[in-house]
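# Structural characterization, general
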Protein chains: 4
Amino acid sequence: MSFNTFGHAFRFTTWGESHGPAIGAVVDGCPPGLPLSEADIQPFLDARRPGQSRFTTQRQEPDAVKILSGVFEGQDGIQRTTGTPISLMIENVDQRSKDYGDVAKAYRPGHADYAYDAKYGFRDYRGGGRSSARETASRVAAGAVARAVIPEVQILAWVSAIGGDAIDMANFDAAEIGRNPFFCPDAQAAARWEALVDQARKSGSSLGAVVECVATGVPAGWGAPLYAKLDAELAHAMMGINAVKGVEIGDGFAAAANTGEGNADPMRPGNDGPLFTANHAGGIAGGISTGQPVTVRVAFKPTSSILTPMPTITREGEATELFTKGRHDPCVGIRGVPVVEAMMALVLADQKLLHRAQTGR
Amino acid sequence: MSFNTFGHAFRFTTWGESHGPAIGAVVDGCPPGLPLSEADIQPFLDARRPGQSRFTTQRQEPDAVKILSGVFEGQDGIQRTTGTPISLMIENVDQRSKDYGDVAKAYRPGHADYAYDAKYGFRDYRGGGRSSARETASRVAAGAVARAVIPEVQILAWVSAIGGDAIDMANFDAAEIGRNPFFCPDAQAAARWEALVDQARKSGSSLGAVVECVATGVPAGWGAPLYAKLDAELAHAMMGINAVKGVEIGDGFAAAANTGEGNADPMRPGNDGPLFTANHAGGIAGGISTGQPVTVRVAFKPTSSILTPMPTITREGEATELFTKGRHDPCVGIRGVPVVEAMMALVLADQKLLHRAQTGR
Amino acid sequence: MSFNTFGHAFRFTTWGESHGPAIGAVVDGCPPGLPLSEADIQPFLDARRPGQSRFTTQRQEPDAVKILSGVFEGQDGIQRTTGTPISLMIENVDQRSKDYGDVAKAYRPGHADYAYDAKYGFRDYRGGGRSSARETASRVAAGAVARAVIPEVQILAWVSAIGGDAIDMANFDAAEIGRNPFFCPDAQAAARWEALVDQARKSGSSLGAVVECVATGVPAGWGAPLYAKLDAELAHAMMGINAVKGVEIGDGFAAAANTGEGNADPMRPGNDGPLFTANHAGGIAGGISTGQPVTVRVAFKPTSSILTPMPTITREGEATELFTKGRHDPCVGIRGVPVVEAMMALVLADQKLLHRAQTGR
Amino acid sequence: MSFNTFGHAFRFTTWGESHGPAIGAVVDGCPPGLPLSEADIQPFLDARRPGQSRFTTQRQEPDAVKILSGVFEGQDGIQRTTGTPISLMIENVDQRSKDYGDVAKAYRPGHADYAYDAKYGFRDYRGGGRSSARETASRVAAGAVARAVIPEVQILAWVSAIGGDAIDMANFDAAEIGRNPFFCPDAQAAARWEALVDQARKSGSSLGAVVECVATGVPAGWGAPLYAKLDAELAHAMMGINAVKGVEIGDGFAAAANTGEGNADPMRPGNDGPLFTANHAGGIAGGISTGQPVTVRVAFKPTSSILTPMPTITREGEATELFTKGRHDPCVGIRGVPVVEAMMALVLADQKLLHRAQTGR
């Protein structure tokens, strides 16, 4: 019951290990008739792809997606979803040959090694196996399909802090996000981060990061009052990403330090539903979208793969030290940006379908 | 598809509105043979019960739980679970007669009123209907059943900050938690909060709060690598509680400002599995428990029910102002403590059953 | 993981035992705004109610349903569903005081007694506990809610054979079904069955029966190609009713003895979609409705509660004999008619919602 | 929400169309540590493989399975399941180039063509797309994994009737099943069927069939009292196979013509739990296994692919005639035998895991 499936009405199941022949996802419940080809998915994978700057792992993966089922070219020559399961496959190419003796015999602190062995008595230790960040490529591919389901929604994510150094929202420029290797909307912060991340990379250290994501165009009414609350589903989705340790909706922990007056989102009449004069709630009230932008903040820990040897134990329980050789991400949160966007898309596509199941709208 | 069910193997479904005849929960998948009577559940409901101090709503509810099914008294005279669904019912008693005209006609800002109408076109406006914090009594009752499933686990929650005023962990005393009306483990903070909350109460304002929860005794191996990760399930559970806007596992957002070295949890040989010399991870790695204490922090917003009139609109879209008359919680996070504990128990009971489904242990 | 929940988008969970204080169901995912009061549900329960003729068990239960949540009286004075969970409760009244010593100590052959003990190590032996046909009252109540979701569909079920004596379809008269205590559409068969069932009743024997059910008005397109096929869901629903041992869609086993030509359902142009000139398929092709009537046949075994002593064993494994004292149904299939109708309604309501989730129609 | 997933604790999701590049399945929740290689799966696919005699379709598919994830070779040199999702892929090889103009423009009666268009507005008409019997190869592959989960169970299926000509149980010889192209345990019947099926094949007709399946070694206690009843799950699984129209557990419809005395399964003390002196119930009481053999009968309709032109309509609603050109199965039930066995294995593996989730055994 490892439940590698996410979603209720729009569901996806991922599979694959870092060093197996391939990874992939099966998307089920997708509405029929949506134009979908590999070219619609590839750009999102390219954004997540490693090895594109010195600030991410140097593993070289083309991450070329293949659609194996669920689409068909109609008489208009356009390939569309048929409503049957969409199987997506990405072959692993750069599984660099390497000696895994250390990792096979001892547990890397902070990694899932010990927990896997405690659960399964056995693990694929090559590159972290199933717990590798490589798995997130499957989510990004599935997320691209989800976007086709919610054309009314625009999703934008960025890195808002690295190693505690935050952007200045006064400098926010969405166009800047694509111009630097950090998905950073603040050109000044990006310049600072270049030095910061370079230093971490050179010293074999790593840094945590915060990713923010906003979805605009979500109509009022998606979500549910209780356990399938839109905010609860988003928390589930985001906390399930590798290395994530915290999730906030709207003001999050800042709301806990506020008063009811300070945290209020007053409403005024608008042409198209109410106008809200604030959005402390992050676009969600009672688990249901209000029509305001849906906002989420996600905390990524620094990856545990560092060059400093750390005390640990072997599989037999003997004391030893271990450090991480080879390629790694100095700030894994950077490549988290396309993953956070994908999970936002996947949750919203699911909620759209759930909403119309119950209400017919 | 409002999904009022939570859990996979150990599942519960809640029902009921603030001003209906009763609320309740159906617990499904409970192991058979566990001693369970109303007396095992009632103390947890009593801890959550409103009206016990001037710092919570003055609604007077006995919150007396009835077990309607799923238990049977065996030949040893002890009532035990039978493995069939356990139906729990709590009658509503103090649905104070009141004029709901205002709330019926206009939307309380920050409340779920507008979102409900946008979704369903219609709502039970009496006391917030299904979105009332009253629903959490059902969770607390179900959580008491969950505790019987995981006798190896001890769960403790407390309020660690109100309105931005945090406890000092140096003063932490678990015994103090039950001695003040704030579930506060720091006697000095409790004294400060008395003035703080009193002020908010008298001025008709409200305050946010942070609740922390620790589960000890969770064996290594519960959880799953991906979408049913233990941390993702906890995030789902906690963010689904009314008024919650943020969730952290272990160091949470602080980890995002840390380095790999600073965030490491080194391991040493121990008699009973590894000894960890730190717990930044909050007892979870790769979505699976490590055997360390499982720690979670939960941000509660200040309730939107305040005496200050706020701009809003009517159902017809006209501008108006609204304030909340009558009884309300000046700091809804206080009564969140037993609810957070219940959700922790519910998630862990579910994970224990999922774990043994897959591994036989 | 006893899974007392049925359905995907329109879901219901039942609870309760034969001799507990009450039984009930929680209906989740119901669309909002549907008129629903207890008066809409009660007639279906009355049709299933025991003790109405000498051909069913003499247990006297008013089976009065209470709606505890999920409805609200709007400004038009009509009570409607709100979209939140609908909790239905039926109190048990006639739990006749009785000595259960025999049943507590030994296993009634053909009943679930031994299997329950093998699974749970423990059982509520009073009146069969959870395995009692009494549970079907919860389904009938939930089914009445489902009918409100699919006003376009008409559902009709009847008994087509008792103890191997089948009706003659040439005599079929729908109006006859309500005129005799057997839900029999053939007046001549009803007359024969009166003698047949009387004889079984007097001799403490029991008889099997076949129930047929037709749903008209189901539009083409409900269902799914694979595991959630409409026919598979119906098979699941019907085989889950107590005492059912066989399910057929359309021609069922007769199709297995036919040829492709004989089993064909040719199509002709019609005003409103195709006209089919036969319905061997029972209105379902490839798991999806075709717009023809959906037809299902359900085999009920004779109840194992008979007066003839049967060899069995005690809980300790000693040989003994047991017969069923007290009230029982000589032909449990008769009261299966409202239950089969309810399960048809529940499956179709679920499929309607699933269909519009995926297609928006 | 097409739900291409089956199972609760041991789950599999299939994908793929008849004429796409490949088909496959993802198996989730599999226990770790089970030896599993492609060689363990291939024999079951070979048994289902088309083109092995003149009595099945002449499509030539090697049906070579690849395991893409979820296994790892441990230090003992044996490849084992890791507990993570097992991705199985079977490439399509013999998608014979063909003119699909007829099928694209008109609906083959009895096939899913019209229903698919009614649901999705669009379909992959090549070889039936997703509704092709080719999909069952994915189930057979997943079923082979399921068998590794339940080594205590032996599963055997056979054809018991073709076109209404049944075997004589007095001639039953399990060894005979593998010796003829019909999975027939009665050598005399196999000889008769050779002529019968040859005639159908030559005349372009088709025949229905009945498949029986017995699982021995199922311990008492698997299943659940209600909606996840073992019999209900089996009915769901079997009715979901292409071309199936009826399912019986134990005596099935014959029980509906019997009396309580005739249908009884008396128990005697045995060394290893009770000895039952009959098995009318097919090894299931109250939805839970009794320890007796679990028996199921499945009715396959004659395939609708026949050479006789049948009246039908075009997509535009015009009257036309259509017959099926090219390769087809004269009796699709024959190749249903490995599929029925696979579904039995999949249901039992799931129930084993569900049982131990709840009971710890």
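Rules of the game
- Counting of residues starts from 1 at the beginning of each chain's written sequence and follows it residue by residue.
- Here chains are named by letter from A upward and ligands by number from 1 upward, in the order in which they appear as written.
- Residue-level local features of this predicted model are given only where pLDDT is at least 70; pairs of side-chain atoms are given and counted only at 80 or more, and the full residue set underlies all totals for whole chains, interfaces and linings.
- Side-chain metrics rest on all non-hydrogen atoms present in the structure, leaving aside hydrogens and water.
- UniProt positions are given in the numbering used here, feature names are shortened, and annotations may be inferred rather than shown by experiment.
- Our superposition of the copies is a least-squares fit, built on the C-alpha atoms of residues whose pLDDT is at least 70 in both.
- To sort residues, take the accessible area from a 1.4 Å probe on protein chains only and compare it with the maximum for the residue type: under 20% means buried, over 50% means exposed, and anything in between is partly exposed.
- Helix and strand definitions follow DSSP, with helices as H or I runs of at least four residues and strands as E runs of at least two, each counted in order from the N terminus.
- By definition, two strands form a pair when at least two bridges between them are found by DSSP.
- In this description, contact between two residues means that some pair of their heavy atoms is separated by no more than 4.5 Å.
- Within 3.5 Å is the distance limit for a polar contact, defined as a pair of N or O atoms, with the added protein rule that one can donate a hydrogen and the other accept it, and that residues adjacent in sequence qualify only through two side-chain atoms.
- Here the buried area means the combined drop in accessible surface, using a 1.4 Å probe, for two parts upon being joined, counting both sides.
- Just to be clear on terms, a salt bridge is a Lys or Arg side-chain nitrogen sitting within 4 Å of an Asp or Glu carboxyl oxygen.
- Amino acid classes used here: Ala, Val, Leu, Ile, Met, Phe, Trp, Tyr, Cys and Pro are nonpolar; Asp, Glu, Lys and Arg are charged; the rest, including Gly, are polar.
- Orientation is described by lines fitted to C-alpha atoms, with helices fitted over the stretch in contact, and by angles between N-to-C directions that extend from 0 to 180 degrees.

Chain A has the name Chorismate synthase in an unreviewed UniProt entry, where Novosphingobium cyanobacteriorum is given as its organism. Of the comments in the UniProt record for chain A, the one headed Catalytic activity (unreviewed entry) reads "5-O-(1-carboxyvinyl)-3-phosphoshikimate = chorismate + phosphate".

This part is about the relation of the copies chain A and chain C. There are two copies of the chain, and a rotation about an axis plus a shift along that axis relates them. When chain A is fitted onto chain C, the two copies agree to an RMSD of 0.0 Å after a turn of 180° and an axial shift of 0.0 Å. Each copy turns onto its partner about a two-fold axis. Distance from the rotation axis, computed per C-alpha, reaches its smallest value in chain A at A:A357: 2.2 Å.

Residues and elements named next belong to chain D. With 7 of 7 residues buried, strand β3 (residues 22–28) lies mostly within the body of the structure. Of the pairings in the sheet, the one linking strand β2 (residues 11–16) to β3 comprises 6 bridges and is antiparallel in character. Bridge pairing in β3 links W15 to G24. Where β2 hands over to β3, the hairpin turn is made up of 5 residues, counted between the paired strands. Looking at chain direction, β3 and strand β7 (residues 86–91) are connected through 6 bridges and run antiparallel. If you follow I23 over to β7, its bridge partner there is I90.

It is worth spelling out the UniProt feature "binding site: NADP(+)" (unreviewed entry) in chain A at this point. Residues and elements named next belong to chain A. If you check UniProt for "binding site: NADP(+)" (unreviewed entry), the listed places come out as R48 and R54 in our numbering. Looking at where R48 falls in the secondary structure, it is placed in helix α1 (residues 38–48). Classification of R48 as buried rests on a relative accessible area of 2%. If sequence neighbours within four positions are ignored, R48 has contacts with D63, A133, R134, T136, A137, V140, R335, P338 and V339. Along the polypeptide, R54 turns up in the loop between α1 and β4 (65–67). Given the relative accessible area of 37%, R54 is considered partly exposed. Apart from the residues within four sequence positions on either side, R54 is in contact with E194, D198 and R201. Polar contacts involving the side chain of R54 include one to the side chain of D198, which spans 2.7 Å.

Taken together, the contact between chain A and chain C spans 14 residues of the former and 14 residues of the latter. Counting each side, the surface lost to burial between chain A and chain C is near 1000 Å², with a carbon and sulfur contribution of 58%. One can count 0 salt bridges joining chain A with chain C. In this structure, the connection of chain A to chain C is made through 9 residue pairs in polar contact (both at pLDDT 80 or more). Residue composition of the side of chain A that touches chain C, grouped by class: 7 nonpolar, 6 polar and 1 charged.

Another aspect to go through is the sheet that holds strand β10 (residues 209–216) of chain A. One open sheet holds the 10 strands; their spatial order is β9(A)-β8(A)-β10(A)-β16(A)-β11(A)-β11(B)-β16(B)-β10(B)-β8(B)-β9(B), and the pairing between them is antiparallel. Of all strands in the sheet, those bounded by a partner on one side alone are β9 (165–166) of chain A together with β9 (165–166) of chain B. Pairing geometry for strand β11 (residues 244–249) of chain A and strand β16 (residues 294–300) of chain A, over 5 bridges, is antiparallel. Opposite A:V247, over in β16(A), you have A:V298 as the bridge partner. Sheet strands touched by helix α6 (residues 230–239) of chain B: β11 of chain A together with β11 (244–249) and β16 (294–300) of chain B. Its angle to β11(B), the strand with the most contacts, is close to 155°.

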